[in-house]
Each structure stands twice: as structure tokens, then as C-alpha cells.
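Listed below, chain by chain, are the residues.
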Amino acid sequence: MRKHPLSPLILTCAALFICSCSPNLPSPIEQAGTGQVGRTMSTFTLASPAFPSGGLIPNQYSCEDADQSPELSWSGAPANTRSFALIVTDPDSPSGTWTHWLIWNIPGDATTLPTGTPKLARLPNGAFQGRNDFHRLGYAGPCPPPGNAHRYFFTLYAASAVLKLKPGASRADLEAALNPLTLAHTQYQGTFQRH
């Protein structure tokens, strides 16, 4: 039996059509997802002049000293970003992930947070701050028990709107508010150890 010269082409087109219609295949957006709130974009980056990525956080940003927040800067946020939110956590805490800082409604055109952000419910730029796991508003620096070094993750979210969330909210409240509005997120990490 002689094969039709167009048979391979017809079969290929049919396979592509079936695949494109299959409801079980993830979309490119789903494949690119991280499983967390929003997704990381390679152009959206967070940095700090206070310590190198993955490096030691100096004492002045911890409970051992001034306990002031480090300077942070970012770039490459999506064009339709209307606000930013920052969550700082320690996943190595003996009692589970410990929240050190919650701040949201940072203006969408902002690119930095200064050293020593005031520990106020509402900042002059309109941003709100939540309660950390020390039951205080604003930033609370690394303060692990003596022993092994802990990791501290600074996670910045770009949101498509200003969040309707009151000051003093918890991490769970902030994450729930961010979930439908997050366009992208980026992360910066440091370590701290008490002897």
C-alpha cells in the first residue's frame, strides 16, 4: 500500500490540535508559576547595600544592636504595578516560620525603602505596617536563639492595586489580600547567628 505524501503532515497537525485543546495541560503561565503567591520574574530584582545576597546581616539590623531595617532597593517591576508589599520571615525558627516585618501599599513608583524605616502603623508615603511575631508594628530584626545561623528572607511583591487592608494586620491577612493581586515577586536573603 502506497503512503500518501501528506500523511505525516496531517498527523502532526492533528496531534498539535488535540494537545492545544486538552484541558489537562498547564498553560505557559501555570508552568512558569512558583507555587507561591504570584510568580518570580527574572527582571524583577531586590537588593540591599547593607549585606550581600546570602551573606551575614550586620548587628545593627538585629536585636543585638539598633534593630533598624536595612536599606532595600528594587527594579524591573511589571509596568502595571500599583503598590508593593514586603514580607520578611525566618523559616528556621524553632516554633515555625517567624514573621519579622510586614509592610504594604508602598507606592507603585517607589524603588527603595530607606535604612531605619519608622515603626509606625502608617508611613508618610502611605504605606501600612502589620504586626510581626514579636507583637510589634514594623520591622523587628533577626533575634534567633544562640546556635546555628538562621536564614532571613525578604520577599517583595508587586501588586496590581492598593490593598484594602488595615494597619496591624497579620501575615496570613496580608498574604490573602495579595493573592489575587500579585503580578510578580522577588526575594533577597541574608543570614544571622547569635553565639
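Details of the structure are given in the entry above.
Read on for a plain summary of the structure.

Helix and strand content of the protein chain: three helices and eight strands. Counting helices and strands in the order they occur from the N terminus, the protein chain gives α-α-β-β-β-β-β-β-β-α-β. Of all 195 residues assigned to the protein chain, the portion counted as buried reaches 38%. The long-range fraction of contacts in the protein chain, counting pairs at least 24 apart against all pairs at least 6 apart in sequence, stands at 72%. Only carbon and sulfur atoms are counted for the fraction: they give 57% of the accessible area of the protein chain, which is about 10,800 Å².

What follows deals with the pattern of salt bridges. All told, the structure shown has five salt bridges when counted by the stated rule. The partner of Asp67 in a salt bridge is Arg136, and the shortest N-O contact between them spans 4.0 Å. Residue Asp67 is found in the loop between strand S1 (45–47) and strand S2 (72–75), and its partner Arg136 is found in the loop between strand S6 (128–129) and strand S7 (150–159); the two are separated by 69 residues along the sequence. The buried category is assigned to Asp67, whose relative accessible area is 11%.

What follows covers the side chain of Thr191. Its place among the elements puts Thr191 in strand S8 (residues 182–192). Those residues in contact with Thr191 that sit more than four places away from it in its chain are Gly54, Gly55, Leu56, Ile57, His150, Arg151 and Tyr152.

Here we take up the state of the cysteines. Scanning the model with the defined rule gives one disulfide in all. Covalent S-S linkage joins Cys63 and Cys143, the inter-sulfur distance amounting to 2.2 Å. Here the S-S torsion is close to 85 degrees, and the disulfide linking Cys63 with Cys143 is therefore right-handed. One end of the pair, Cys63, is in the loop between S1 and S2; the other, Cys143, is in the loop between S6 and S7, with 80 residues separating them in the sequence. For Cys143, a relative accessible area of 29% corresponds to the partly exposed category.

What follows is about the sheet that holds strand S4 (residues 98–107). Strand order in the open sheet made by the five strands is S6-S4-S3-S7-S8, with antiparallel pairing throughout. The strands lining the two open edges of the sheet, one partner per strand, are S6 and S8. Looking at chain direction, strand S3 (residues 83–90) and S4 are connected through seven bridges and run antiparallel. Residue pairing in the sheet places Phe84 in a bridge with Ile106 of S4. Together, S3, S4, S7 and S8 form the strand contacts of helix H3 (residues 171–178), whose direction differs from that of S3 by roughly 140 degrees.

Our focus in this paragraph is unusual backbone geometry. A positive phi is found at Asn105, a non-glycine position, where the angle reads about 60 degrees. Inspection of the secondary structure puts Asn105 in strand S4. Backbone geometry places His135, a non-glycine residue, at a positive phi of 65 degrees. Looking at where His135 falls in the secondary structure, it is placed in the loop between S6 and S7. Note on His135: relative accessible area 65%, which makes it exposed.

Our next topic: the packing of aromatic side chains. Following the criterion strictly, the structure yields seven aromatic pairs and no others. Measuring from ring centre to ring centre gives 5.9 Å for Phe51 and Phe154, while their planes differ by 45 degrees; the resulting arrangement is tilted. A residue pair is termed long-range when its members are at least 10 positions apart, and Phe51 in the loop between S1 and S2 and Phe154 in strand S7 qualify at 103 residues. On the basis of relative accessible area, Phe154 is assigned to the buried category, the value being 1%.

With respect to the element layout, Trp74 can be found in strand S2. Ignoring any residue separated from it by four or fewer positions in sequence, one finds Trp74 in contact with Phe44, Thr45, Leu46, Phe84, Ile106, Ala110, Thr111, Thr112, Leu113 and Leu156. Among the polar contacts listed, one links the side chain of Trp74 to the backbone oxygen of Ala110, at a separation of 3.0 Å.

Basis of the calculations
Residues numbered from 1 in each chain as written. Predicted model: local features only at pLDDT ≥ 70, side-chain atom pairs only at ≥ 80, totals over all residues. Heavy atoms only, no water. Helix = DSSP H or I, 4+ residues; strand = E, 2+ residues; numbered from the N terminus. Buried < 20%, exposed > 50% of the residue type's maximum accessible area, 1.4 Å probe, protein only. Contact = heavy atoms within 4.5 Å. Areas by Shrake-Rupley, 256 points an atom, 1.4 Å probe, with all protein chains shown as cover. Salt bridge = Lys/Arg side-chain N within 4 Å of Asp/Glu carboxyl O. Disulfide = S-S within 2.5 Å. Pairing = 2+ DSSP bridges. Axes fitted to C-alpha atoms, helices over the stretch in contact; angles between N-to-C directions. Phe/Tyr/Trp six-rings, centres within 6.5 Å; stacked < 30°, edge-to-face > 60°. Polar contact = N/O pair within 3.5 Å; in protein donor to acceptor, adjacent residues only side chain to side chain.

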